[in-house]
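# Fold and contact review
What follows is each chain in one-letter form.
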Amino acid sequence: MIKSSAISSSFSYLFAMQVVAALCLVGSASLHAQSATQATSSAFVIRHARVFDGEHTLPNADVLVEDGRIKAVGANLKVPAATREVDGSGDTLLPGLIDSHTHVWDDALKQALIFGVTTELDMFSDIKSDIEFRQEEAAGKNLDAADLRTAGTLVTVEKGHGTEYGLKIPVLSSAADAQSFVDARIAEGSDYIKIIYDDGSAYGISFPTLSKEELAAVVAAAHKRRKLAVVHIGSQAGARDAIEAGADGLAHTFEDSPPGADFAEMVKSRHAFVVATLTVNESVYGKASGASLVTDAELSPYIDAAAAANLNRAFPLHQGSKLNFAYALASVTALHNARVPVLAGTDAPNPGTAHGVSIHRELELLVQAGLTPEEALAAATSLPARTFGLTDRGRIAPGLRADLLLVKGDPTKSITDTRAIVSVWKTGVEDDRASFRAAIEKEKAAAARQQASPAPAGSESGLISDFEDGTTKTNFGAGWSISTDTIAGGKSAAEMKVANGGANASKHSLQITGTVSNAFAYPWAGVMFSPGPAPFAPANLSAKKSIHFWARGDGRSYRVMVFTASGGRIPATKNFSVTADWKEFTIPLLDFNGTDGHDLMAILFASSTDVGAFSFQIDDVGLN
Ligand SMILES: [Zn+2]
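Residues numbered from 1 in each chain as written. Predicted model: local features only at pLDDT ≥ 70, side-chain atom pairs only at ≥ 80, totals over all residues. Heavy atoms only, no water.

Turning our eyes to something else, we now look at the overall build of the protein chain. Check the secondary structure of the protein chain and you find 15 helices and 27 strands. Counting every position in the protein chain, which comprises 624 residues, the buried fraction comes to 59%. In the protein chain, the share of contacts with a sequence separation of at least 24, taken over all contacts with a separation of at least 6, comes to 73%. Approximately 22700 Å² of the protein chain is accessible, and the part contributed by carbon and sulfur atoms is 52%. Each charge sign in the protein chain was given a centre, from 54 positive and 70 negative side chains, and these centres are 2 Å apart. (Helix = DSSP H or I, 4+ residues; strand = E, 2+ residues; numbered from the N terminus. Buried < 20%, exposed > 50% of the residue type's maximum accessible area, 1.4 Å probe, protein only. Contact = heavy atoms within 4.5 Å. Areas by Shrake-Rupley, 256 points an atom, 1.4 Å probe, with all protein chains shown as cover. Lys, Arg positive; Asp, Glu negative; His and termini not counted. Charge placed at Lys NZ, Arg CZ, Asp CG, Glu CD.)

Now for the side chain of Ser 483. Along the chain, the position of Ser 483 falls in strand β18 (residues 479-484). Ser 483 gets classed as buried once you look at its relative accessible area, which sits at 9%. Separated by 3.0 Å, the side chains of Ser 483 and Trp 524 make a polar contact. Beyond its immediate sequence surroundings of up to four residues, Ser 483 is in contact with Trp 524, Ala 525, Gly 526, Val 527, Met 528 and Leu 604. (Polar contact = N/O pair within 3.5 Å; in protein donor to acceptor, adjacent residues only side chain to side chain.)

Right, let's talk about the environment of Pro 208 for a bit. Note on placement: Pro 208 falls in the loop between β9 (193-197) and α5 (212-224). With a relative accessible area of 38%, Pro 208 lands in the partly exposed category. In this structure the C-alpha to C-alpha distance between Pro 208 and Glu 158, which are 50 residues apart in sequence, comes to 7.4 Å. When residues no more than four places from it in sequence are discounted, the contact partners of Pro 208 are Val 157, Glu 158, Lys 159, Gly 160, His 161 and Asp 198.

With eight of its eight residues buried, strand β26 (residues 600-607) lies for the most part within the structure. Relative to β26, strand β21 (residues 525-530) is paired through four bridges, and the arrangement is antiparallel. Counted as the bridge partner of Met 528 is Leu 604 from β26. In terms of strand pairing, strand β23 (residues 557-564) meets β26 through seven bridges, oriented antiparallel. Looking across to β26, one finds that Arg 559 is bridged to Ala 606. (Pairing = 2+ DSSP bridges.)

This brings us to the sheet that holds β18. Spatially, β18-β21-β26-β23-β24 is the arrangement adopted by the five strands of the open sheet, whose pairing is antiparallel. Of all the strands in the sheet, just β18 and β24 (572-577) have a single pairing partner and so form its edges. Each adjacent strand pair in this sheet contributes to an overall mean axis angle of 25°, direction not counted. The pairing of β23 with β24 spans six bridges and is antiparallel. (Axes fitted to C-alpha atoms, helices over the stretch in contact; angles between N-to-C directions.)

A word on the packing of helix α4 (residues 178-188) against α5. Taken N-terminus to C-terminus, the directions of α4 and α5 make an angle of 50°; their axes are 8 Å apart at the nearest point. What the angle tells us is that α4 and α5 run oblique. Note on packing geometry: the crossing formed by α4 with α5 is right-handed. Only Ala 217, Val 218, Ala 221, Ala 222 and Lys 224 of α5 make contact with α4, whose side of the interface consists of Ala 178, Gln 179 and Val 182. (Parallel < 35°, antiparallel > 145°, perpendicular 65-115°, else oblique. Left-handed = near helix turned anticlockwise from the far one by under 90°.)

The next point concerns α5. Its 13 residues place the ends of α5 18 Å apart at the C-alpha level, agreeing with the 18 Å of an ideal helix rising 1.5 Å per residue. Every buried residue of α5 is listed here: Glu 214, Leu 215, Ala 217, Val 218, Val 219, Ala 221 and Ala 222. Two residues or fewer past α5, Arg 226 is found with a positive phi of approximately 60°. (Expected span 1.5 Å × (residues − 1).)

The final tally for this structure, using the stated rule, is 23 salt bridges. Here Arg 149 ties to Asp 147 by a salt bridge, and the two come within 3.4 Å at their closest N and O atoms. On the basis of relative accessibility, which here comes to 17%, the residue Arg 149 falls in the buried class. Owing to a relative accessible area of 2%, Asp 147 belongs among the buried residues under this scheme. Sharing partners across several salt bridges, the network here consists of Asp 147, Arg 149, Asp 392, Arg 393, Arg 401 and Asp 403. (Salt bridge = Lys/Arg side-chain N within 4 Å of Asp/Glu carboxyl O.)

Take the sheet that holds strand β7 (residues 117-122) next. Judged by pairing direction, the sheet is parallel, and its three strands sit side by side in the order β6-β7-β8 without closing on themselves. Taken across any chain shown, the strands that pair with only one partner, and hence form the sheet edges, are β6 (97-102) and β8 (147-150). Averaged over all pairs of adjacent strands, the angle between their axes in this sheet comes to 20°, without regard to strand direction. Summarising the sheet, β6 and β7 pair through four bridges and their orientation is parallel. Across the sheet, residue Asp 99 finds its bridge partner in β7, namely Glu 120. Across the sheet, helix α3 (residues 127-138) lies against β7 and β8, angled at about 140° from β8, the strand it touches most. In the packing of helix α12 (residues 357-368) onto the sheet, contacts are made with β6 and β7, and the angle to β6 comes to roughly 95°.

Written out as structure tokens, the structure is:
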């Protein structure tokens, strides 16, 4: 549900910048690199647990697992001798959770499994890596990661929502192309078809989208191939259009207006389902939906710094926004009352969410919208399994996959009890949550050491470079270097040189010239200062409060981008504009996603994404 142009100031770097970070953050990537304990899926029985089977609750039952499948469910099961026993007294056993709206890359599926999500329904990501994952899954690998179904590449138009992430994707150009476009997606591996029908108006912005005619043609093309057509909408009007066009389901609910009196009945009469994604609706409304997860005592030991940072973020609200989160809740209430299937989805990893952990917030919000805890649990288990044709999972019944979640307490009465996770099994193999937790503890200890580490020698005055000696030397850190999108496959270019003439009638400044190319969908080019002893090694500059510099140039807009270790792979960005005259800029560090400067990894002075030649100068760059 990323749909704001202002997101271009932060989030839509995600694809681009994760490439940058992946290349630079070799060290931190090791956090989740531990491979699964490939335990043999020998038989075991869980005794005396409360069992929510996906639809109903058995107050006290045993569940026998053999060869990755559920073998039997019942009271006092007789099991073969030497079958390992798990005491489930006081606990509740649930089917592994299914998140019906995510975007998968990197370690998403490992994170998901840690929190009890055993299947993710991806609604747009890089189809190539999805297919690789599916092949590994089929080969019996990935026992430490959730299973995946994917929409692959979504259906959108040129410059429509979905094109802003830096991933080069084909776009639909006319209704006449609908069948061939859909067929190409299916040939690539899409399990269902995800369609964008959203012009941004609900958020007070504007971008192109499919026409009604194109929407209907794509839905029909999907149906012709017996694939579900799931439509991303941003408004109630869009939701109506999608349902009228024959959509099987909506990928979000809306929050631009209170649900009309007939809306839910209309959806019901068309036999459509709705993936609620209340957690991202809340973040789009400006409230970081995941903040309460970060401080949850049961969950926090398993939340790494990057996930925590994202959970604490929200989308910016635009002038002209019509959003109100109360409308999203009201729409779910109305849909549920009309007996429309409402599925739990998070839209992770959008701001305010993270893979796995956010399903627990989504369940809580579904209950807030009026579902009973059991209904909310069904929305994340049996209902999505039935809706998406996943006949081997979503319930606890003989013959189904042993995708299971054991929690303390009784989430069928108190929904937040899903957070007190005891064990997670994927096809009968228990996930190694202890190692994951230990790796995060190590990461947190390293962060604490970083917090206590001395500031870099030479940083006392705060000045990084004034270029007065005619060189690019810096008072501390690993110096200036060129940074462009070529490392992400782009063709933008930049060079730097010390120029004559600087701010305040000084002798020299640093001139950066280059060209921005559209070869990469989210381009950048500029210079990067590394404050630590090596590029992307963190430096403790918490004694400083702001980034200070002078700049002049060609009248274009530029960006300061700050990477921190705790901010994960997404830089925080502030824009500035230059004119022919030198101008002084002071930007508080707090403006960069609230950093206190204790783990600064890089400061980038970069072009905007506007294609073409650029030239600007900076001088007297420092941290005050
Ligand atoms: Zn999404």
